[in-house]
Amino acid sequence: MNSLPNLIESIKKAALDAVEASKPCAIAFGKVTSTSPLKINVEQKLTLTDAQLILTRNVTDFKTNITVDHYTEDITHSHSYTDDGSSSTTGNNTHKHQIKGKKEITVHNSLVVGDMVLLLRMQGGQQYIVWDRLVT
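Criteria and cut-off values
Residues numbered from 1 in each chain as written. Predicted model: local features only at pLDDT ≥ 70, side-chain atom pairs only at ≥ 80, totals over all residues. Heavy atoms only, no water. Helix = DSSP H or I, 4+ residues; strand = E, 2+ residues; numbered from the N terminus. Rg over C-alpha atoms; globule rule 2.2 N^0.38 Å. Buried < 20%, exposed > 50% of the residue type's maximum accessible area, 1.4 Å probe, protein only. Phe/Tyr/Trp six-rings, centres within 6.5 Å; stacked < 30°, edge-to-face > 60°. Lys NZ or Arg CZ within 6 Å of the ring centre and 35° of its normal. Salt bridge = Lys/Arg side-chain N within 4 Å of Asp/Glu carboxyl O. Contact = heavy atoms within 4.5 Å. Patch = residues over 30% accessible without salt bridge, like charges linked within 9 Å, V, L, I, M, F, W, Y side chains within 5 Å. Areas by Shrake-Rupley, 256 points an atom, 1.4 Å probe, with all protein chains shown as cover. Core = buried A, V, L, I, M, F, W, Y, C linked by side-chain atoms within 4.5 Å.

Undergrad: Got a minute to help me understand the overall build of the chain in this structure?
TA: The number of helices and strands found in the chain is one helix and 12 strands. Going from N to C terminus, the chain has its helices and strands arranged as α-β-β-β-β-β-β-β-β-β-β-β-β. Since a compact globule built from 136 residues should have a radius of gyration of about 14 Å, the 28 Å found for the chain marks it as more spread out than a globular shape. Residues counted as buried form 16% of the 136 residues belonging to the chain.

Undergrad: Teacher, can you tell me more about the packing of aromatic side chains here?
TA: For any pair of aromatic rings, the description consists of the separation of the ring centres together with the inter-plane angle of the planes. Tallied over the full model, the rule gives zero aromatic pairs. Seen from the ring of phenylalanine 62, arginine 57 lies directly overhead, with NZ or CZ sitting 4.3 Å from the centre.

Undergrad: Got a minute to help me understand the pattern of salt bridges in this structure?
TA: Opposite charge on two side chains lets them pair, provided their charged atoms get close. Counting across every chain of the model gives one salt bridge. Across the pair arginine 133 and aspartate 115 runs a salt bridge, and its minimum N-O distance is 3.3 Å. One end of the pair, arginine 133, is in strand E12 (residues 128-133); the other, aspartate 115, is in the loop between strand E10 (98-107) and strand E11 (116-121), with 18 residues separating them in the sequence.

Undergrad: Quick question: what am I supposed to make of the environment of glutamate 104 here?
TA: Within the element layout of this structure, glutamate 104 appears in strand E10. Remark: the alpha-carbon pair of glutamate 104 and threonine 64, spanning 40 residues in sequence, is separated by 5.6 Å. Discounting chain neighbours no more than four positions away, the residues touching glutamate 104 are Lys63, Thr64 and Asn65.

Undergrad: In this structure, what is going on with a nonpolar patch on the surface? I would like to understand it.
TA: Judged by side-chain polarity, Ile27, Phe29 and Leu134 come together as a nonpolar surface patch covering roughly 270 Å² of accessible area. Summarising the element assignment, isoleucine 27 is placed in strand E1 (residues 26-35).

Undergrad: For this particular structure, what's the right way to read the nonpolar core?
TA: The nonpolar side chains of a soluble globular protein tend to be buried, and buried together. Ranked by internal contacts, the top residues of the largest apolar core, which has 13 residues, are Ile40, Leu53, Leu111, Val117, Leu119 and Val130. If you list the elements that add at least two residues to this core, you get E1, strand E2 (38-42), E11 and E12. Top contributing element to this core by residue count: E2, with three residues. Setting aside chain neighbours within four positions, we find valine 130 in contact with Ile40, Leu53, Ile54, Leu55, Thr56, Val59, Leu111, Val117, Leu118 and Leu119.

Don't take any of this as a statement about function, it's just geometry.
Given below as structure tokens:
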């Protein structure tokens, strides 16, 4: 009777070892040590390079469109104008400018040295998805 619990434990251990050996998807943490080329140190054990990393939009600069309808803050400046073929400049004028419509902006979100990141190790353990940066 005593061998049955040992057999069950041995089967459980063999199953866990088989799962670990296949290296299913797992979460890891890393620190950016270089940006050109990109290098991330994973839990102080392993340094990953560009070829092993897949970046999400969360950790890259990207362009996107937004719709806006607002005014600038008050600004003071002069304007050039042409009247009857002659060029002139107005005196300084304080006013606002309207910004309206669909505009393209750049979100500056790329990684910098020292960023702590959340990584998703892909099955097989050869590539990592850089999912997001951690708030520190």
